[in-house]
Each structure stands twice: as structure tokens, then as C-alpha cells.
Amino acid sequence: MPLRGFEGRLCYGGDYNPEQWPEHVWVEDVQLMRQCGVNLVTVGVFAWSMLEPAPGQYEFGWLDRVLDLLHDNGISVVLATPTASPPPWFGFAHPDALPVTRDGVRLVHGSRDAYCPSAPAYRAAARRIATALAQRYAGHPALALWHVHNEYGTVCYCDHAAAAFRRWLRDRYGTLDALNEAWTTAFWSQRYADWEHVLPPRATPYLANPAQLLDFRRFCSDELLACFREQRDVLRELTPDVPVTTNFAIAPWVPIDPWAWAREVDLVAIDHYPSSNDGLAAEEETAFVADLARGWAGGRTWLLMEQAPDIVHNGGWMVPKRPGQLTRLSLSHVARGSLGVMNFQWRASPGGAEAFMSAMVPHAGPDARSLREVTHLGAQLANLGRHDGPVAADVALVWDPHSWWALQGPGLPAPGLDYWAMCRHVHGSAWRLGVTVDIVAPGEPLSGYRLVLVPALFLTTASAADAIKSFVDSGGHVVVWYLSGVADTNVRVHRGGWPGLLATTLGVRVERHYPLPHQATVALDPAGTGSSWSELVRPEGAEALLRYAKGDLAGEPAVTVHAGRAWYVSTRLDDATQQRFLAQVFAAANVAPAAPGAGHGVEVVRRGQRLYAINHTTSPAEIGAPSQGSQTGLRIEPGTYLVTDVDNLVTDIDSAAHR
Amino acid sequence: MPLRGFEGRLCYGGDYNPEQWPEHVWVEDVQLMRQCGVNLVTVGVFAWSMLEPAPGQYEFGWLDRVLDLLHDNGISVVLATPTASPPPWFGFAHPDALPVTRDGVRLVHGSRDAYCPSAPAYRAAARRIATALAQRYAGHPALALWHVHNEYGTVCYCDHAAAAFRRWLRDRYGTLDALNEAWTTAFWSQRYADWEHVLPPRATPYLANPAQLLDFRRFCSDELLACFREQRDVLRELTPDVPVTTNFAIAPWVPIDPWAWAREVDLVAIDHYPSSNDGLAAEEETAFVADLARGWAGGRTWLLMEQAPDIVHNGGWMVPKRPGQLTRLSLSHVARGSLGVMNFQWRASPGGAEAFMSAMVPHAGPDARSLREVTHLGAQLANLGRHDGPVAADVALVWDPHSWWALQGPGLPAPGLDYWAMCRHVHGSAWRLGVTVDIVAPGEPLSGYRLVLVPALFLTTASAADAIKSFVDSGGHVVVWYLSGVADTNVRVHRGGWPGLLATTLGVRVERHYPLPHQATVALDPAGTGSSWSELVRPEGAEALLRYAKGDLAGEPAVTVHAGRAWYVSTRLDDATQQRFLAQVFAAANVAPAAPGAGHGVEVVRRGQRLYAINHTTSPAEIGAPSQGSQTGLRIEPGTYLVTDVDNLVTDIDSAAHR
Amino acid sequence: MPLRGFEGRLCYGGDYNPEQWPEHVWVEDVQLMRQCGVNLVTVGVFAWSMLEPAPGQYEFGWLDRVLDLLHDNGISVVLATPTASPPPWFGFAHPDALPVTRDGVRLVHGSRDAYCPSAPAYRAAARRIATALAQRYAGHPALALWHVHNEYGTVCYCDHAAAAFRRWLRDRYGTLDALNEAWTTAFWSQRYADWEHVLPPRATPYLANPAQLLDFRRFCSDELLACFREQRDVLRELTPDVPVTTNFAIAPWVPIDPWAWAREVDLVAIDHYPSSNDGLAAEEETAFVADLARGWAGGRTWLLMEQAPDIVHNGGWMVPKRPGQLTRLSLSHVARGSLGVMNFQWRASPGGAEAFMSAMVPHAGPDARSLREVTHLGAQLANLGRHDGPVAADVALVWDPHSWWALQGPGLPAPGLDYWAMCRHVHGSAWRLGVTVDIVAPGEPLSGYRLVLVPALFLTTASAADAIKSFVDSGGHVVVWYLSGVADTNVRVHRGGWPGLLATTLGVRVERHYPLPHQATVALDPAGTGSSWSELVRPEGAEALLRYAKGDLAGEPAVTVHAGRAWYVSTRLDDATQQRFLAQVFAAANVAPAAPGAGHGVEVVRRGQRLYAINHTTSPAEIGAPSQGSQTGLRIEPGTYLVTDVDNLVTDIDSAAHR
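Residues numbered from 1 in each chain as written. Chains lettered and ligands numbered in written order. Predicted model: local features only at pLDDT ≥ 70, side-chain atom pairs only at ≥ 80, totals over all residues. Heavy atoms only, no water.

A few points about the packing of helix α3 (residues 61-72) of chain A against helix α5 (residues 120-137) of chain A
All names here are of chain A.
Part 1 of the reasoning: The N-to-C vectors of α3 and α5 enclose an angle of 45°; their axes lie 12 Å apart at closest approach. On the basis of their axis angle, the class for α3 and α5 is oblique. α5 is crossed by α3, and the crossing has right-handed handedness. On the side of α3, the interface is formed by Leu63, Asp64 and Leu67, while α5 contributes Leu133, Arg136 and Tyr137.
Part 2 of the reasoning: Taken together, the residues of the contact of α3 with α5 sort by class into four nonpolar, no polar and two charged. (Axes fitted to C-alpha atoms, helices over the stretch in contact; angles between N-to-C directions. Helix = DSSP H or I, 4+ residues; strand = E, 2+ residues; numbered from the N terminus. Parallel < 35°, antiparallel > 145°, perpendicular 65-115°, else oblique. Left-handed = near helix turned anticlockwise from the far one by under 90°. Contact = heavy atoms within 4.5 Å. Nonpolar A, V, L, I, M, F, W, Y, C, P; charged D, E, K, R; others polar.)

Structure follows, in C-alpha cells:
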């Protein structure tokens, strides 16, 4: 379903919370929005207590005026249902609908998300306010998109949650015997003899059951999805022409399976807050997250719903973005499929727990460097316009949230096994080599690609293994990293050596894990170092490319290749070695950068006939036409970008050559 | 109200807990006290379970004997009400009066402070035991001072606390609308529609509301103050001639506003335990805390009620004081206004959770180095006698516990923003330059000073800003440090640039915070480094004294001066740079050290006609007469002190010159 | 009571959990066991939910088949009662029997140990399943040993626990006055006036009472021991010929006094998981733990019930053992008194929280380096056979779990006072010098030894002090380390200087503790450094061997000796200095290594006529006959061991000399 009114143009805007301000500020707001090129704002995300100050008592007047004002100024609206933060009265009306922690603490209002997703009273209240909103604003000309809730992710361990978890498990397993088998309840005397004894993973004396933890995450994903669907169905019925989305938050603790959720939204939308601005970390992470979003969207367009316009959260420090970085990172999102650039938030909040978060209009007021960056970006986006051509990628990376969750479980061979970091390392290495990567779900057909990258696919299903095997059998190339194929979908460990169902394809059998303690490294032969992890790899057909040079594994293979196209990597290669290795793999698989000169901070993405080139470095760069292979070509000044037609590029290169 | 019996002499003693010992030890105690020069001891601080072993059943006989014994030996008594630690029976008689944590855990007896300050049963029990004590000991000749409770600071989140918090909020705000505005409840859908829905900041799913947290601290301060006042009023009625105090604890987590409390006590009393003994850290901190106490006392005398005679708590390590350090630190307190020196405690406890805390009589017994230090100090204090003249200071530092609390809130631009450390850094820099500093509350008139120092006045009220503006307008000099003027009294962020209400006075507008991550530093031009924080400072009248030399702020001002007398500092200057800068400011403001030669570990305080000079260093020092400006003068041996009449000093210098 | 069927041969095997596998795997299991030389397996440890899937409903068929299968293959069985992990139904049938934390959180099933040891319903259920097992398998020919429960250590703070704690305290103290005295309740107003007010150390506002904490640990030890005894008595009645044991876990948080427990078991059994594999840390720790077990067993044989066959837990990292290390560490246990070598576990679990723990049959399957190591060890043990002669040791180390617990209490002079590490440092230094050490309980007669080592005997009773005094008076030598003699059995601090009751014997009086902050060191004169701790030591008869060279203690004694045979060490000596010092002490006490050439990684233990020599190093070693004193002798290849008759050694040396 298209985003009405944005044919040919990119969205630009952010969360707008007029309820935090007196109405005279609204006038300044829309005037500034127009100056900045804002054409879309998200309204109402946390407005429940303003819209329904007491149960069943609605106050829509202010929102009417906001939507009219925006519409009068040519600004469209993403209208949010406010269900992420029930008002204070909610917990008093329905104490049983407040969330409960693992430890049995019933949380109260005072921040946000104070509700149990499984509580009938919450579900009813959420449907009611969504219905009221849809009834009120169906047909409002500003309404472009529904934004249900915000960053779904609430977890609850109460009795409502327990009952719902049991229903979900019954659906999944059918019989208690199947549950007992799946959860390995023969271990530590956990066998269930009665469905009523199954609980969420509440506080327990020692290590919890990993399969129970994992299934509870899956249940949370599905339970929250049910919450979403209930609202979506209300909205679809009342406003059948308006697409419905919700913004995915991406973090280790968010119990959302984006592959499943993407099937239920009309438009994939994500929030993205890079976690570091060291070197090019934010740039690498942006490319990864944008590729993820495009993957979830099945290669189609998606929307960056939130980013921080002016800061990067470095640990707990809110560090301002570097000059031009807002534009460069935003362009990366657009190049990789976003319909535009939305920010959190329009105007910095006057108070509250996020008063110091970044905003398009800072506390200091309009006369500020950051607003000038925001205005510049708005103009650039307007110039660029929207082109939805498919992103060109010969390489796919298999990404699996279930493996992410399982690697957060107890009892693993090492602490801090960070699935996200492992995927980032692989994707980032390709990014530094200028190669565009698609993200695919385990088990998806891979036939369109030349090369598939598989980092840490801890839980490997038969379908995922089959897809990879078929791909390789048909001539495809694959690289599999350590911690893949270790267990099945219920964290039952594969017997017979790792990477389990992938072992034959790779021609290796891993006999033993040798986790490397924090900070330890192992030298590789002929060159390079490994860290974090190592393994005793028995080649069963594969040849060694790199070997361990020291320690108990001295002389044993560290990286292998089977039949010239199936690589296995048993340790975390240092950055340089990983890039050298991947360059070798790319050469073997006939994978090229998006354009000659791409890589090492010069980000190039080809999208249909368009080429986006962003120079994130402080030196000038030159890129050639993808078809030519020349390293000289079109110049891109430090910190700037260039968007051009692929065919024009040849001309551009010529002209660049005559400079 | 004077401290009876201490006209002309200094107090010396400490907490005395005879209830921990058989009576034959008491005899040894008083004998040793006399040897040590002890003339005042605090009795009964934690004796509730000994005085009222069962509800309403009193045992005063032992205390009668203790007071008589002390009096017979010429030792006066600070008699404590024991309400800081209700006996075990209390929680069984009144389970609803036990304290409850944020998480809803009801705590039990087993340490101390097991009560809810808002529970009617606690309040009644506290009044009852205070009344019984006052009735019993009114007129006892040993009784010199009432010491209510101990280190008030207990926090509770129970329903009693909730009800009292709501009453306090109604008093403060009048209407729910005003509360909603003050707390910015429009953020995250927190708007209250019913007073009954307002709660203490109990456990909530995510970041709590900063204004709610801050108001809860304020409420705790007022609620505990109400506890104090109830007891004080009982004591005043029954013993109108005996002054009443309570000892203030000073720590980030103590929810006490000393400015407000100081108005309610007859004598300001503090406990002081330095947190480090690295270099001169304990000495610097002592001067700061003593100046704070004098500030709270409105420049009048106060009392050091507790210090550790023999140790400094270095993190969790109880490290013995250095030889002579007990005397030097004690003298610093006396010089800065303390009526004497009281210690925790007289005799090391035989057991319990503080058995290894320092004591005047150590476990090892009387034949110990530490007791010799204690005895030496007693003799010195007796020789010195008491002189209550006002401390001379041309410089004031504005200190605000509300800013301290607010800077502990969630959602700030950086973690670990340590208000205490920032104040200490400023005060300590002045201390190292030999300059005496008074501490004043925000909004107090500043007319008596030449210079005002304002570190991190995060919450700046109009009255505080007006006081500073008037002061500068009348020719005063001011230095304001970063993180000042950021928000109003409810943590609502100032719009239009920082330091908000102080910006005009300083001629700058701060557009953006650039927090510096942990360990990061930024070079300054022409010299020096900044750490912890930096800012994009737009001069609006001010000139740059120092500029940022590198990074995104390269070339922008770091330290500015406006109209030659209003400085703004936007980063944490390294120690040397801060001292160079302050020396420059002192010169401009015509501020001189307390005496020539003061500073760099040679602490000099002028109090009326008296000059106290303490050489904390291991080298000999010389000080000149304040009026002369000569660097040569009276010699002070390493580690010793000298107290003299200011006029005598000239003579002393002469005689020193002829040595 | 002998272990039937193991006369003359060593046990070899591990935990076997066939309930986790289909029966066809069992057949592979026993075949592999035979190949590996396994002759004993522990069955049923966590099988409660398989044996009693619903209350009172038993399923023994599978266990019948397992025992028969094992017996048919010549493998004996340690049959466990499964009471360490009640099934899920248990908590639903008896909610009051689930454990409760300090904070009042009632824990649920989901891991293991979900029960309150004091709950009547748990006690009854445990007796019932133990009875059912004993009735069923009394007389089964495979049954060699009963293994009650697993790693007793559960702690609960619920009302059942509170009532039981009060009963225990009444037994211990008789009167409330005695309790008040023992717990120093005069401190902080904790005096009890009613037994019903005494509680476990539940969450309390501030530091808990150290004596209450310590007594609660003692109570837990006794309460769990009562649980054990109830089952033991059932088993003894039904199978009077089968010995009964339980496996002791060794960790700071385990509230078990092994000295008391050892008196109640028929065979001391321990689990041992070294905590580091840095250098020879695992080897040193193994020797220490094996000596502890032998000490608990009163010098008799004992059994290593669990070790990890293939990994060492380095922090959270499961790092594979080095080649040959499994055999070497196992031999160390056998040399020091173990009846054999049992592992956790036979076959790696298919799932659950310990699926990645080490196993004899790894996930990778039988064709694995680790299984080859396991098989090799089996063959070695079969060759060696069993010889129960007494271990020869001239040195004893006094070890006291109560001091360990007390040093985990609040309010100590320094954080991180690690009793275990202090004992390990002393024992490890002797180990590096090749000297065998027995472990004895405080107060045990010491007459058989030449030298007694006393590290950190924080709580020193009169009987412990008397035993040491008598020993020294009769010509014995003793070394006492800092933190000894500090307090009595209720953490009441000794008055008059430390090491309290040991001071006279040592000729010193410690006046003051000078804890050294983390990482700080102090130089010693003439050589060496101290860390962690220092003291102001006043010699009262003793002479200084080493003095503090710097700081406030410069020139004061650091290590002293009294009457040529009573040493006192007031700081943690660096490794080299500690070894030099101990070498000097050994010489004075006429203590020799177990054989010439022993030490520095060459572990030698003499047991009766047998000499076990294990070369843990990567260089060849040579040892001489104990009676000869020659440094040349029998060669031991790197990483190998040698077991020989002491008399043969002389011959061996000769033949070695002619090589």
C-alpha cells in the first residue's frame, strides 16, 4: 500500500509532540518545519493521557487543531496510537494489567510501557483508544500513515502472561511430551506432568532453562504481534486506504522477530540509534541496520522512523554528530531503501526523562548549528527526490534473531558471545571493501546471489542448512563462521561435531570449542590473529587456509575451504585479516564492489539506475563506473556525497579524467 | 542558644556507648576520658532497645548511672534521642511502619533505620521515647545539648509515604494542573487526572520522571524535618534552656536540604568522613565541608559531631590517618568555625557491623599510637580555647543541594555528572591558592563579597540569577562553570541557550553540550586541557580567554570573560590550568590569600583577630602578615600548626627573621 | 564401611543421566564405558521428575533397566537420591516449600534446588522418595554406594526457615540474654526482648549484623545436615551394608561446614572445579582441595565425585584442559587419597543449562581427542590399582570455614578479604617447595607434626589457641599470618591487641591494622614486597625478620619470629618472598620435600610405601629417594608421572644414573 502523497518525493520530519507545548509554539513549529523542508510528522505517540484523561473520556480538540494546522501547511501526518504508555489512571483501574518482573515486582506508571501485553484489560483499552482515534480521523486529509504503538518490546511475567504463554506452548507443541522433549526437561528434573505447571522464566534458584527462555522470547514476540494485529485490524477496517506500520526497535533485549513482524505491517519502519561514533562505527552500523530493514521488507522500500538528528549515544554520553554526518548517515539510509528520514524528535522536550535527547529544534532555539544541518538535509532530500529501484547486491548475509536470543542464554561456553557484534564484524568487513550485502532470513532461497555469509548461525534448522547446501551445490559460494550449526531450534546441541547440519557442505567437523578468554589472542599461520573463540577443526575434505600458530591448537586449521567455494572460519579474525580473507573470497566468487573506488569509508550503493556515493572520510575520493574497473573516476569531496545515474557515471568519469 | 559550660573552651569527645560494655569498663572509660581531655560525650544514640526493651517499658537506671558518672568527672553530655534505630519489637508491633524499597520490599530490623518516616506509629513512638527521656533528664546537670536521632536520611516508598507525598505536593502545587506542568507529565503520557494516582517514584518499567524524583527528595527532606521538629518541640517544651541539634550526614544519597534544616536547629552539627587520603584530598575535603557547615550556620559557629579519629575511608579500605593528621584536620574544622571536635566513637565496639570503625580507644587498648594522638589533640584543644570571631572571606561559592540531586537523575547528557566533585574542584583550587571561601545558598545576597564562584548550578531560579546579576551590576566579580543555568527548579530545560538566566550577565549563549566521554580530554589554546564536558559557546559580548584547540569545537571559546568581571568556564579545566585561571580571577577581583605564604598545603584561616595556620606538608613553611604582603615570615614546621593573634604576627615575623 | 567391589582397584566413571537419552543410546553408552575402563557411575542425581512424575506415582521401570544393563556390563552404581531438584509439581502442591530470598522473592522451579530445607513438606517428600528408592534397589547387585542429594547448599529466608533458625538459636544459646551478648545487639539498638522477633538476615536498611549472618550460615549447615541425616537414616535402615555419602561443593557461598559433615558420611566425597588454568593454578588448587578432602576424612581415603573431564572454568570461559592435564590432575587426587576419579558427566547433555559443560563423551562423539584422554586415564587407573596407605606429611595447615564466612561479612577493615585465596597462597607456596601439607581443623591435636601453618584464622577460639600453644610449647614450629586471632567465634573483636589469644605464643601485639588498598604494595627491608594488608606490630619478645621499608610503618616489623619457632607474618608477601621465607621456616623445623627434586611443578606425594611423582612442567625432571637427599635421580618426562615403591626408587635412581 503506497504512502499517499509521497510519490516521487522523500519523507522528512520526525516525532512531533505538540501536547508538550502551548499552542503559540505550534505556530512557530509549522513555520520552522516549512523552512526545514519537513513534510511528514509523527503525532500522538505518547498522548494517551492527553487524549483520554480519564477512562472513556476523550479530549480530541487539541489534536484536531494540530492536524488541521499541519495540513494547512502542507505537512502530512503519521498518526500514532498512544498505547505504548497507558495513563496513570490505567493501573488504578486495572491493577492486574500492570507488568510484573521476573522477581515478582509489579511495576507502576512513572515512565512508559506500564502494562502487561497479555492482560485483557490492557488489550481492550488499547483497542478502544485506537478505535476512537480511527473514527475521529478517518478521512482527515493530513493522515498518511498509521503508527501503532511505539517500539513494541514490553515483557511481563504475571499470571496473565503465564496463561498466555501456556496457550502459545500448547499451540506450538501440542502435547506435554513434545514440550518436555523440546525443553530437555529430563535435565535437572524439570519434566512437566501438567500444563498448569508451566510458567514464564520467573526467578529461580540457579541457571534457567535455555529453551524455556528462548520460547518465552518467541512467545513475547508473538504476543506483542497479536497486540499489534488487533489494533491494525481496527484501523484497517475504519481506514482501509491508510497503511499501518509500527517502528521496530533494535536491541539485544527487544523480544521481536522482525522477520515475522514484517509480514504483518504495510511498511517496515525502524528506529536507529548508533551505539558508537568511534572512527566509522556509526557509518558501518547504519549500513548494516539499513540492509537489515531492507531485508525485513523483502527488498522493498521501508522507512527510517527515528534517528537522533544531532547526537550519537556513545555509551551513556550524548555526543553531537560530526559536521555533515547527519546528512551522510541519512543518505546511507535512503540509498539502502528508506522512503525518507524521520527523526526523534522535532522539538526538544521541555522536561521529562528524555529532555536532553537530540531534536531537530534544540533547546538553544532555531539559531543553532544543528538546525542548520537539519535544514541543509531537508533541502538535499527535496532535491534528490524518491527513486525506489532495487538495491543491487550479489552477496547475502543470513541473520537470525533466534540465534541472537539463544546466545544470550545461560551456560554457554563463554560469556559475552555477542551475535550482533559478530554479524556487524562480517557485514562491516564487506562494507569496508565496498561490497553491498543483502540480509536474508535462514531458510530463504539464495539463488539470486553469488555469495552467502553466515556468521554465528547458532541455531541451525534443517531448512536453513538445506538452503545453504542447495545454494552451494548449484555453484554458489558460502562462508560460515564459528558458533554456527551448534544447536537446533530449541538449543538442543547437535551431536557428531559442528557446524552440525552444515558440516558436510563445509567439509569440516569441529570437535571441541576453545573459547579465548577476554583479551586473549591466538597467532595464525602464516599471518593474522584470532580472538574471542577458537576450535579444534577436523578437516573432512576441506583444506586449511590459515592455521593456529601457537597453543594447544598449534598446527590445526583455523580457516578452511572446501571444494573451492565453502569456507569455514573458526575464530574471530582481526580486522585486517578478515578483510584480506574476504577479498580473497570475493575474488573467488566473482563479487565486485558497487563501483571501483568504493570501500574504506567511501560508501557506494547502486539502486536501479541510480548510484549513491558517500564519502565519509576526510580525504577526497574517486569512484569509477561499476562496469569499467578503473580506480580513477568521479571525484567526491571529503564529507560530501554524490547521487547520479549509473550511465552518467561513465561521462562523469571522463570529465573527471580531464580535470 | 549557647552551649552551656563551653564558654571559652572547645568541646572534645565523641559518641559514647556504655550500653555495649559492662559497668566496670565505664570506670576505665571516664578515667581515660579525663586523661585525654574529653569534656563532652554523646550518649544514647542507638540505645532505644536498651531504654525501652518492650513497648512502653522503660529502663533508665543504667543511663542514670552513666550520666551521673560523667557529671561526677566533669564531663558534659550530648543526650541523643534513639529514634534512628527502633528496637526489633517495633516492626512486630507495627508492621506497616517498616520501610519499603522502590521495588516493594519491606525491610526488617537487623541493621538500623528500620522505620518509615511517614508512618503514624513511628512518629508516635519517637515522640514517646523523646518525651520520656526529656522528662527523666530535664535538669540533669550533665545535659548540655540534645542530639535528636542520628544522620536523618531514611527513605520509604510505602503507602504512608505515598499519602504524605501527595499532601506535600498539594501544599506545593495547589492544583493538579500545576503539578502536571511542573513535572512535564505531557511527556510519555504521565498526565494525572486524580491526586490519588500520584505515587512515590516506585519501580517503573523504564527511566523515571526526573521532576518526580527531585520532588520526592525534597519531600523526604521536609518529611524527615517534620520528624525532627516534632521531637525538638517536645524537648524545647520540657527543657527550654537546652539547645537542640541533629547531626547532618553529607553524601549524595542523603535527602536532606541543609539550608532548610539549619533554620530549625539551635546549632548546626555535621558528621564528616573524608572519602580519600590521596595526597591532600582529605585536607581539601575537610576545608570544604567545614566551610559548608559554616555556611549552613549562617556564618556562626557549628559543631563537628562525628569524625573518625584514626582512619580515613579510602573506598572500602579503612586506612589509618597519617601521624599528626588527626590534629591538623581537627584544627582545620576549629579554624573554620567548629565549637570543638567530636569523634565517632569513644571506644571501639566489641562487635556489630561497625566494630572495625575507628575509635578514640582502639581494640588494642590504651597503649596505642592512636590514643596518644587523641590525647595530644585533647591537650592542644584545651590550650587553644574557644574564640568565636567571624571567619574572614572575600569569596563566596554558591552551593545547591537541589542541583546535586537533579544531576543524579536519569536521561542526562552524560553519566557520572558529579556535582560534589565539581564543587570540590573549584573550592579545592581556591584552597590551594590560600584563599578562604564562604558557602552561600542560591539567591542569598552577595554584597559582602568581592567574588562569587558558581560551579554547576544546574537548576537556576530567577532569584539566584537575580542575586548574581545584582552583584555583578554592583561591581562584583563572578565565575560560572558549565552545567549552570540549564534548567529550572523542576528540571524543565531552559530555552534559548545556556546558562539560561545567567547568560546575559556572562555575555555568552551555549548552543550545544559536547560531553566528553570517560577519560577523553580536549586540548585548549594557548595551553591546558579540558575533560568531562565541553560546549559550543557563542560569545554575545564576552571575549575568549581560552579556546578549544582540536575536534569539532576547534577554535571555539572554552573560557570567556565579559566586561572584565564575569567569567564563564565550559569545560573541566585540569588542575594546573584551573589554578592559573583562578589566580588571574583573584587578581582581577582583588582577592588575596588569607596570609602571604598561604596555599599549596599551608592552610591559613583568619578568624576575627586570630590567625590559624596549619602546615599539612612535609616541608617547613613561612607565612607573612596578611597586611604586609611579604613572602617571608613566620616559620611553621612540617606537619604542625600555629595559632596567633593577627597583630602578633608582625612581631612573630620579626622574631622569625632573626632566627 | 568399605566400597564393595573396589578392593584393590580404583573407581573410574562419572555422573550418568540415561533419562536424557533414548534407550538405544544406553547400549552405546555401556559399550563405550567398557572401552574407557569405567567401573562406577552415579545414576539418578536429578531424576526426581522421572521417578515420581506426579505426587506418589512412581516410574522405576527405566531405572531398573539401567541398573541391570550396567550390572550386566560389570559397572557398579552410585545411586543418588534426587532430592536436590524437586519436580515442577512440588511447588504447586506445596507453595510454602519453595525457597524465598533475602528480599522476600519466592523462587520457582525452572533450574534446580527449588525448595526450602526447613519446610516440612519438603522434608517429607525427600524422605518418601529416598525410602521408595531404597526399598526398590536394596539388594540390587550393582548398588555400591548411596549418594544423597547433590551439592547441599540451598538457603532460604522464609517463615519455616525463621522458625527453624530460632529453634537452632535456642539450642545454641539457651537464653535471649546469651543471644544478645553473642550478637552484640547492644550495637544499633538490636536487643531482642522476645525470641519470636529473631529472624534470618532478611533485607534490612543498612549493614547486617555480622554475628547474625555467621550464625545463619551455621544454622544452614546444620539444617541441611539434618536433611542429609534423615535420608541417610532411611537408607541405612533399608540397606545397612551400603555406605552413604553426599558430594561436598566447595565455594565461598556454600553454607556447609565440612568438618561437621564429614562426621556424618560414610565416605567423604567432593566435587572439584578449578577456577583458573593460568600457569599451574589448577594444579596448585587441586593439591589444596585434595588435601582438604583428606583432612575432612581424618586422613582416610575419600572420593573425587565430580570433576570436569575436559575443561577448566576460567572465569566464565570453558577452556579445554591441556594435553595430559586430565591424567595429571586425576593422579594428584589419587595420590592425595581419592579412591578414584569420577567426572561430571559421562555424556554431554543434549540440552539444558549445562549442555556445554564438559563430559567424558563429548557432543562431537566418540572420535574425539577428549575421549582419547579419558580412555587413556581409564587404562592408567586400572594399571595403578588402589593402595590406601597414609599420606606422609610433617606440616599441617589449620583451616576454618567459620573464618571464611566471617571474612565475607560487612564492616571489615578492607573489602575482598579472601580467606580461600590466603589459604591457597600459603598452601601453594609449600606445594611449590615440594612439601606435603595436611589440613586440620582448629583445635585438633597437632602432636604428629613438625610445623603448623595458620593463615587468617580470623575467629580464634580458646581451644584452637590452646592447641597451637601446646604444640609450640612441646617444641613444634608455627607460622601465623595476619588476620588471625582477631575475633571470637561470634565476631566479637579481641581486646588488647592481635593476634589475640595467639599473641603470647608469637611474642607480638598488633596495635593497628593498615589495610593496603587494591593494587598498593609496600616495600620490605631487606627485600620483598607486601600487599593487601599491613599492620603496626609491637614485638613483645619476638624479633623482626623483615621490616616495612616505607610509609607510616617504615622501620616497623613486618615478619617476626619468637623463640626461634613461632613466626608472625603481618602482610601478604609476594610469591618469591613467601617461598624464601617458608624455605627458611622449613629448614628451621626440619621439614623436607616429599623427595629431593620435588617442587616447582614436580609434584611428589608419599603414601605409605608408594611414591607418586607427577611432572606438571614442560621440562624433564628428576627426583631422588626421600632418604638420600640427592638432587639427581629418577627421570620423569615432561607432562608424565611415575608411581613407584619408595624402596624401588633407590634402584630406579641407580638405573637412571646409568642411562
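This is not the end of the story, as more comes after the structure.
Quick notes on the relation of the copies chain B and chain C
The relation between the two copies of this chain is a rotation about an axis and a shift parallel to it.
Part 1 of the reasoning: Laying chain B over chain C is done by rotating through 120° and shifting 0.0 Å along the axis; what remains is an RMSD of 0.0 Å. Both chain copies can therefore be described as sitting about a three-fold axis. The C-alpha atom lying nearest the rotation axis in chain B is that of B:Val105; the distance is 5.1 Å. (Least-squares fit on C-alpha atoms with pLDDT ≥ 70 in both.)

Quick notes on the packing of aromatic side chains
Part 1 of the reasoning: With the rule as written, the count across this model stands at 90 aromatic pairs over all chains.
Part 2 of the reasoning: Ring centres of A:Trp183 and A:Tyr192 lie 6.1 Å apart, and the angle between their planes is 75°; on these two criteria the pair is classed as edge-to-face. Of the two residues examined, A:Trp183 and A:Tyr192, each falls in the buried class.
Part 3 of the reasoning: Ring plane angle 65° and centroid distance 5.9 Å describe the contact between B:Trp399 and B:Trp404, whose orientation is recorded as edge-to-face. You'll find B:Trp399 and B:Trp404 in the same group, each marked buried.
Part 4 of the reasoning: One aromatic cluster is present, formed by A:Tyr152, A:Phe228, A:Phe248, A:Trp259, A:Trp261, A:Phe288, A:Trp296, A:Trp399, A:Trp404 and A:Trp420 through successive ring pairs.
Part 5 of the reasoning: In this structure, A:Arg9 packs its charged tip against the face of A:Phe6, placed 4.4 Å from the ring centre.
Part 6 of the reasoning: The positively charged end of A:Arg347 is found above the aromatic ring belonging to A:Trp21, 5.5 Å away from the centroid. (Phe/Tyr/Trp six-rings, centres within 6.5 Å; stacked < 30°, edge-to-face > 60°. Buried < 20%, exposed > 50% of the residue type's maximum accessible area, 1.4 Å probe, protein only. Lys NZ or Arg CZ within 6 Å of the ring centre and 35° of its normal.)

Digging into the domain arrangement of chain A
Part 1 of the reasoning: For chain A, the domain assignment lists domain 1 (11-154 + 219-384), domain 2 (395-588) and domain 3 (602-652).
Part 2 of the reasoning: The straight-line distance from the C-alpha centre of domain 2 of chain A to that of domain 3 of chain A is 32 Å. (Domains from an automatic or database assignment.)

A word on the interface of chain C and chain A
How large an interface is tends to be reported as the accessible area lost when its parts come together.
Part 1 of the reasoning: At the junction of the two partners, chain C supplies 55 residues and chain A supplies 54 residues.
Part 2 of the reasoning: Broken down residue by residue, the surface that chain C buries against chain A is led by C:Trp317, C:Phe356 and C:Arg369, which jointly contribute 17%.
Part 3 of the reasoning: There are four salt bridges connecting chain C and chain A.
Part 4 of the reasoning: For the salt bridge of C:Asp310 with A:Arg512, the shortest nitrogen-to-oxygen distance reads 2.2 Å.
Part 5 of the reasoning: On inspection of chain C and its partner chain A, the count reaches 23 residue pairs in polar contact (both at pLDDT 80 or more).
Part 6 of the reasoning: Only α1 (23-36), α2 (48-51), α4 (88-93), β9 (311-314), β10 (317-320) and α12 (369-384) of chain C provide two or more residues apiece to the side of chain C that touches chain A. (Buried area = accessible area lost by both parts, 1.4 Å probe. Salt bridge = Lys/Arg side-chain N within 4 Å of Asp/Glu carboxyl O. Polar contact = N/O pair within 3.5 Å; in protein donor to acceptor, adjacent residues only side chain to side chain.)

So, the pattern of salt bridges
Residue and element names in this part refer to chain B.
Part 1 of the reasoning: In this structure the tally under the stated criterion is 112 salt bridges over all chains.
Part 2 of the reasoning: Linking Asp388 and Arg607 is a salt bridge whose minimum nitrogen-to-oxygen distance equals 4.0 Å. Of this pair, Asp388 sits in the loop between α12 (369-384) and β12 (395-398) while Arg607 sits in strand β24 (residues 602-607), placing them 219 residues apart in sequence.

So, the interface of chain B and chain C
Part 1 of the reasoning: Taken together, the contacts link 54 residues of chain B with 54 residues of chain C.
Part 2 of the reasoning: Taken together, both faces of the contact between chain B and chain C bury some 4700 Å²; the carbon and sulfur share is 59%.
Part 3 of the reasoning: Broken down residue by residue, the surface that chain B buries against chain C is led by B:Trp317, B:Phe356 and B:Arg369, which jointly contribute 17%.
Part 4 of the reasoning: Linking chain B to chain C there are four salt bridges.
Part 5 of the reasoning: Here B:Arg369 ties to C:Glu556 by a salt bridge, and the two come within 3.7 Å at their closest N and O atoms.
Part 6 of the reasoning: Run the count over chain B and chain C and you get 23 residue pairs in polar contact (both at pLDDT 80 or more).
Part 7 of the reasoning: Listed by contribution, the elements that provide at least two residues to the side of chain B that touches chain C are α1 (23-36), α2 (48-51), α4 (88-93), β9 (311-314), β10 (317-320) and α12 of chain B.

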